[in-house]
Amino acid sequence: GDVMRPRLLAGVGHNTTPPRAMASLRLLRRGCCTAPAGFAQPSRVWGKSSLRCGALGMKCGMTQAWQPDGKVVPLTIIEVQDVQVVQAKRVPTSEGEGLNLQLGSGWQKRKRLNRPDAGQFESRGLPLKRYLREFRVSEDAQLPVGTTICARHFVPGQFVDVQGTSKGKGFEGVMRRYGFAGQPRSHGHSLSHRSGGSLGGAAGSLYATRVMPGKKMPGRMGGKVRTAHSLLVYRVDAEHGLVYLKGTIPGGKGSLVRLKDATRKRMDTSGRGHHRLPPFPTWLPGDDETGGDVTEAPLARPL
């Protein structure tokens, strides 16, 4: 059967692009107005060095689909809702100066923000956001403040990198943390079956009776930022703001994740690949909606 859509969380999906920002975007697309000072009008053509921003999403869980030959495809569902451009920042880099786009996501109450944090949203006419993250972009991929990043930012068939915080497991031993085999379950190993064994000692070296740096020992496991590279975008449900990725990603249900175009797989900008190019610098109202609200990768379709 078809994959099931997760239930959308309460309070998500109410924030939209401010009317002033939407009007400026339409005028910019039609060429009826000029861009503000310090803002370069976005180009809609991919370049060799083009680097567009990513998106913020929430991990909803996992499901599966079936290929025509009967193989099961594991899918991770990510919800992309209420993602907007908050500001553009110039940051120093090794090559001089770079451009970062700060994106905001989620919904936040006013009483949970202090006056300076709430002021940066209110001064720009944006709804309050819970999360703020930055993405490095090229000059031709700059977007005006208030632009909405939706699920149509990605297309089925492309590859993305997903960054999230792995599940915290607490303080664990070496057998679970590193997969050690443990000690023999025989005579002479009382109450030490799950220990890590010797820590090295002197090993014949003069004055080297110490634990060497990097020794695998018990400690806190999980709870670290990890990146899953080159995951296939299997399906995009624009109506509900869902992106289906082939494989698993770090983090638990409801956790925040960062999505961006894959860095280890070169983007085919010639247009002759097996999938159409993602919209550049993002999907804007009025763009072509080929495939409708739900599009799937042509490599594998569920029965």
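Above this text sits the structure in question.
Here's a quick rundown of the structure. (Residues numbered from 1 in each chain as written. Predicted model: local features only at pLDDT ≥ 70, side-chain atom pairs only at ≥ 80, totals over all residues. Heavy atoms only, no water.)

1. Quick notes on a nonpolar patch on the surface
Taken together, the side chains of Leu199, Val211 and Met217 define a hydrophobic patch exposed on the protein surface, amounting to about 220 Å² of accessible area. Within the fold, Leu199 resides in the loop between α3 (174-177) and β9 (219-221). (Patch = residues over 30% accessible without salt bridge, like charges linked within 9 Å, V, L, I, M, F, W, Y side chains within 5 Å. Areas by Shrake-Rupley, 256 points an atom, 1.4 Å probe, with all protein chains shown as cover. Salt bridge = Lys/Arg side-chain N within 4 Å of Asp/Glu carboxyl O. Helix = DSSP H or I, 4+ residues; strand = E, 2+ residues; numbered from the N terminus.)

2. Re the pairing of strand β1 (residues 55-66)
Pairing between β1 and strand β12 (residues 256-261): four bridges, direction antiparallel. Its bridge partner being in β12, Leu56 is matched across the sheet by Arg258. Bridge count between β1 and strand β2 (residues 72-79): eight bridges; the pairing is antiparallel. Bridging across to β2, Gly61 finds its partner in Ile77. The loop that links β1 with its antiparallel partner β2 comprises five residues; one of these, Gly70, has a positive phi angle of about 95°. (Pairing = 2+ DSSP bridges.)

3. Observations regarding helix α2 (residues 115-122)
Taken residue by residue, α2 has Ala118, Gln120 and Phe121 as its buried positions. For α2, the arc enclosing every buried residue in end-on projection is 150°, short of the 170-degree limit, so these residues lie on one face. With respect to the buried face of α2, the exposed residues turned more than 90 degrees away are Arg115 and Pro116. In this structure, the buried residues of α2 make contact with β3 (83-93), β4 (96-105) and β5 (131-137). Where α2 begins, one side-chain oxygen reaches toward the backbone nitrogen of Asp117, 2.9 Å away; that side chain belongs to Asn114. (Buried < 20%, exposed > 50% of the residue type's maximum accessible area, 1.4 Å probe, protein only. Arc of directions from axis to C-beta. Contact = heavy atoms within 4.5 Å. Polar contact = N/O pair within 3.5 Å; in protein donor to acceptor, adjacent residues only side chain to side chain.)

4. Thoughts on the nonpolar core
Ranked by internal contacts, the top residues of the largest apolar core, which has 31 residues, are Cys53, Ile78, Leu103, Val162 and Leu245. When contributions to this core are tallied by element, the ones reaching two or more residues are β1, β3, β4, β5, β7 (159-165), β10 (225-237), β11 (242-246) and β12. With four residues, the top contributor of residues to this core is β10. For Cys53, the residues in contact, after removing those within four places along its chain, are Leu101, Leu103, Phe135, Val137, Leu143, Ile149 and His153. Within the second largest apolar cluster, nine residues are counted, among which are Met58, Ala65, Val73 and Tyr234. (Core = buried A, V, L, I, M, F, W, Y, C linked by side-chain atoms within 4.5 Å.)

5. Let's talk about unusual backbone geometry
Residues Phe280 and Pro281 are joined by a peptide bond in cis, for which omega reads -5°. With respect to the element layout, Pro281 can be found in the loop between β12 and β13 (294-296). Of note in this structure, Leu191 is not a glycine but carries a positive phi near 60°. Among the residues examined, Leu191 registers a relative accessible area of 88% and is labelled exposed. For Ser230, which is not glycine, the phi dihedral falls at a positive 55°.

6. Considerations on the environment of Pro285
Topologically, Pro285 is positioned in the loop between β12 and β13. On the basis of relative accessibility, which here comes to 33%, the residue Pro285 falls in the partly exposed class. The spacing of Pro285 and Thr148 is 137 residues in sequence and 9.6 Å in space, taken between C-alpha atoms.

7. Examining the pairing of β12
Pairing between β7 and β12: five bridges, direction antiparallel. The residue of β12 that forms the bridge with Val162 is Leu259.

8. Re the packing of aromatic side chains
Per the counting criterion, the structure on display carries two aromatic pairs. With a centroid separation of 4.8 Å and 45° between ring planes, the pair formed by Trp46 and Phe280 is classed as tilted. You can see Trp46 sitting in the loop between α1 (19-30) and β1 and its partner Phe280 sitting in the loop between β12 and β13, a full 234 residues away along the chain. As far as burial versus exposure is concerned, Trp46 and Phe280 are alike and both buried. Taken together, a centroid distance of 6.2 Å and an interplanar angle of 40° make the contact between Tyr178 and Phe180 tilted. Classification of Phe180 as partly exposed rests on a relative accessible area of 27%. (Phe/Tyr/Trp six-rings, centres within 6.5 Å; stacked < 30°, edge-to-face > 60°.)

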